[in-house]
Amino acid sequence: MSPSAASPVGRQRAVEAALLPEAVAAHGRGDLYEALRLYGRILDADPLHVDALNLAGLALINRGDFAGAASFLVRAIAVDPNFAEALNHFALVLLRTGQPVPALRILLRALAAKPTLVEAHANCGSALFELGEWRQAVAFYDRAIAIRPDYADAHANRANALQLLGALDEARPGYRRSLVFRPDLPEAHSNLASLDQAEGDLQAAITRFRRALRSEEHTSELQSPMYLVCRLLLE
């Protein structure tokens, strides 16, 4: 028998149902503090709320708190061992902390549970890229792009792998495709500039590096290594 709306359990579920969309909206607009506060309220009411656990983990990844993220994601997976999105996010924590081998293992579990999870295909590509398996990485990026043709990061990362394989004629259009879908992607501008520089087209390289700098300034409050390299090249 389902609990009535007037019962304590019914009221608890009503609160959770109201708070989750608010939390997701805050998360979507980048207000991570508010999103985490709301996810916390949901978890105070229901510590096993698997969606709140997963999304709190993702918010902490977005904030760069990988240890905190892992603690939420491990709990989500304990509640539902086949929760593909939580598995994918936990694998992302492993990737961001330099652990591609266990990340790949977790990602394959995520894909076994949900074969169409596009981010898991792309993250498999990233794990394989870190392991130096560039041809296999391309295959996973291809699968991600087949599911979501406008996946800019997958196009750019595929091009990175092709560049390392020496397939420069394939890498260049890959970077350009990524910029069609995300014109402010700094890495794509920077890597196209590097290709121009290697081919002796210094004017084109300078133009691309400047675009990379502008994109990086607009998309990050911190100066990444790529940003600093571009500045050094233009000085």
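S.K.: Honestly, the packing of aromatic side chains in this entry has me stumped. Any pointers?
M.R.: Each aromatic ring pair is described using two quantities: the centre-to-centre distance and the angle formed by the ring planes. Applying the stated criterion across every chain, the model contains zero aromatic pairs. The ring of phenylalanine 140 is capped by arginine 143, whose NZ or CZ atom sits 4.4 Å from the centre of that ring. Note that arginine 148 overlies the ring of tyrosine 151, its terminal NZ or CZ placed 4.6 Å from the centroid.

S.K.: What's the story with the confidence of the model for the protein chain in this structure? I'm lost.
M.R.: Fine structural detail should not be taken from predicted coordinates in areas where pLDDT scores are low. Overall, the predicted model of the protein chain reaches an average pLDDT of 86, with 79% of residues at or above 70. A low-confidence stretch, residues 217–234 (pLDDT under 50), is modelled with 24 contacts involving residues beyond four sequence positions or located in other chains.

S.K.: Honestly, helix α5 (residues 84–96) in this entry has me stumped. Any pointers?
M.R.: In an α-helix, one full turn covers 3.6 residues, which means residues spaced three or four apart are oriented alike. Compared with an ideal rise of 1.5 Å per residue, which puts 13 residues at 18 Å, α5 spans 18 Å between its outermost C-alpha atoms and is within 8% of the ideal. Judged by how many residues are buried, α5 sits mostly within the fold: 11 of 13 residues are covered. Every buried residue of α5 is listed here: Ala84, Ala86, Leu87, Asn88, His89, Phe90, Ala91, Leu92, Val93, Leu94 and Leu95. Next to the buried residues of α5 lie α3 (50–63), α4 (66–79), α6 (100–113) and α7 (118–130).

S.K.: Explain the pattern of salt bridges to me, please; I cannot follow it from the model alone.
M.R.: Overall, the coordinates contain six salt bridges when judged by the stated rule. We note a salt bridge from arginine 37 to glutamate 34, for which the minimum N-O separation is 2.8 Å. Of this pair, arginine 37 and glutamate 34 both sit in helix α2 (residues 32–45), three residues apart, which is roughly one turn of that helix. For arginine 37, a relative accessible area of 37% corresponds to the partly exposed category. For arginine 182, the salt bridge is made with aspartate 153, and the minimal N-O distance between the two is 3.1 Å. Here the residue arginine 182 occupies a position in the loop between α10 (168–181) and α11 (186–198), and aspartate 153 occupies one in helix α9 (residues 152–164), the gap between them amounting to 29 residues. The exposure class of arginine 182 is partly exposed, given its relative accessible area of 31%. Here the salt bridges share partners, and the residues they tie into one network are Asp153, Arg182 and Asp184.

About the thresholds
Residues numbered from 1 in each chain as written. Predicted model: local features only at pLDDT ≥ 70, side-chain atom pairs only at ≥ 80, totals over all residues. Heavy atoms only, no water. Phe/Tyr/Trp six-rings, centres within 6.5 Å; stacked < 30°, edge-to-face > 60°. Lys NZ or Arg CZ within 6 Å of the ring centre and 35° of its normal. pLDDT = per-residue confidence, 0-100. Contact = heavy atoms within 4.5 Å. Helix = DSSP H or I, 4+ residues; strand = E, 2+ residues; numbered from the N terminus. Expected span 1.5 Å × (residues − 1). Buried < 20%, exposed > 50% of the residue type's maximum accessible area, 1.4 Å probe, protein only. Salt bridge = Lys/Arg side-chain N within 4 Å of Asp/Glu carboxyl O.

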